[in-house]
Amino acid sequence: MQLLSLEHKLLHLRQIFAAMDSVLVAYSGGIDSTFVLKVAHDQLGDSAVGITAISPTFPAVELETATRVAKEIGARHELIETDQLTIPAFTANDASRCFHCKTDLYQLMGKLSALRAQAVVVDGTNLDDLGDDRPGITAAREWGVRSPLVEAGLTKADIRSLARDLGLSNWDKPAAACLSSRIPRGITITREKLSRVEQAEEVLFAEGFRHCRVRDHGEIARIEVGQNELARMLDGERGTRISRRMKALGFRFVTIDLEGYRPGGVSIDPPRQAK
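Here we look at the overall build of the chain
Scanning the chain from N- to C-terminus turns up 11 helices and seven strands. Taken along its principal axes, the extent of the C-alpha atoms in the chain is 55 × 40 × 40 Å. In the chain, which comprises 275 residues, the share counted as buried stands at 49%. For the chain, restricting intrachain contacts to residue pairs at least 6 apart in sequence, the fraction spanning at least 24 positions comes to 72%. If you sum the accessible surface of the chain, you get close to 13,900 Å²; carbon and sulfur atoms cover 53% of it. When the 36 basic and 37 acidic side-chain charges of the chain are each reduced to a single mean position, those positions are 3 Å apart.

Rendered as structure tokens:
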């Protein structure tokens, strides 16, 4: 089987959008949904609209990025408000949390689609995502959401390369996830916990860290940064300054995870005790 070149994949993606009259893009400002919005806008103009859901789980810094990049593209961008904290199945924070979050989003987008002559709802799922346990993808399929990046056979690496070629300013933006992903499974998600995590991560962003998470373990803040940034965490007075600011948010202990950032780090099972 002959592998398609990036140019052929991009052409296929453009053809997918050209066959649609109008689209609503589930747009978070991450590179995947940004790339979808860019190509959709190039093909359909104002008939492609980026839809960003504002909720307590969506960091303000991500909203700023989404707004800025949509303006750079020149695409229509609309905000809708929602609150997953009103959904008990979501706040219970079990393995199906993402399913309930995405169901909430796609219900809202489905209503918008119905009001706009059945505009097609699309997301930023790429080929690599299919190998992970993604309850959100299940929700997308149940609500008839299409994934053009998957249909065009695009991987994450493909998307970053093409996004750079197309001049997207966030082509190398680190992956992001909603704030609830910082709270261990089984621990009830609350507005206060989400706010504290967001403020804690703002401390790290202010110190120049790009790829970071603050995992909330009650009294303990567990910091994850990229392996290439670990040394900077304890450089000079930075570590002391970070610890002081996070304790001011209510954490009693501030720790650094020596394994660095990894997806799903908050759900890692604790080590078994030796018998």
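Some thoughts on the nonpolar core
Leu13, Phe17, Val23, Phe35 and Leu154 are the most contacted members of the largest nonpolar core, which totals 29 residues. Of all elements in the fold, only α1 (6-18), β1 (23-26), α2 (31-44), α3 (60-73) and α8 (156-165) reach the threshold of two or more residues within this core. Element by element, the count of residues in this core is highest for α2, at seven residues. The contacts of Leu154, once residues within four sequence positions are left out, are Lys9, Leu13, Phe35, Asn126, Leu127, Leu149, Ile159 and Leu162. In this structure, Val49, Ala119, Val121 and Ala139 belong to the second largest nonpolar core, which totals 15 residues.

Quick word on unusual backbone geometry
Unusually for a residue other than glycine, Asn93 sits at a positive phi of about 60 degrees. By the secondary structure assignment, Asn93 is in the loop between α4 (88-91) and α5 (97-115). Look at Asn93 and you get buried, because its relative accessible area is 0%.

Some thoughts on the confidence of the model for the chain
Averaged over every residue, the pLDDT of the chain is 91; residues scoring 70 or more account for 94%. Overall, residues 268-275 carries pLDDT values under 50, and its contacts beyond four positions in sequence, including any with other chains, amount to one contact.

Quick notes on the pattern of salt bridges
Applying the stated criterion across every chain yields a total of 21 salt bridges. With a shortest N-O distance of 3.1 Å, Arg76 and Glu78 are connected by a salt bridge. Arg245 is the partner of Glu207 in a salt bridge, and the nearest nitrogen-oxygen pair spans 3.5 Å. Of this pair, Glu207 sits in the loop between α9 (191-206) and β5 (212-217) while Arg245 sits in helix α11 (residues 238-247), and the two are 38 residues apart along the sequence. By relative accessible area, Arg245 is classed as partly exposed at 38%. Because the salt bridges share partners, they merge into one network encompassing Glu207, Asp235, Arg238, Arg241 and Arg245.

Rules behind the numbers
Residues numbered from 1 in each chain as written. Predicted model: local features only at pLDDT ≥ 70, side-chain atom pairs only at ≥ 80, totals over all residues. Heavy atoms only, no water. Helix = DSSP H or I, 4+ residues; strand = E, 2+ residues; numbered from the N terminus. Buried < 20%, exposed > 50% of the residue type's maximum accessible area, 1.4 Å probe, protein only. Contact = heavy atoms within 4.5 Å. Areas by Shrake-Rupley, 256 points an atom, 1.4 Å probe, with all protein chains shown as cover. Lys, Arg positive; Asp, Glu negative; His and termini not counted. Charge placed at Lys NZ, Arg CZ, Asp CG, Glu CD. Core = buried A, V, L, I, M, F, W, Y, C linked by side-chain atoms within 4.5 Å. pLDDT = per-residue confidence, 0-100. Salt bridge = Lys/Arg side-chain N within 4 Å of Asp/Glu carboxyl O.

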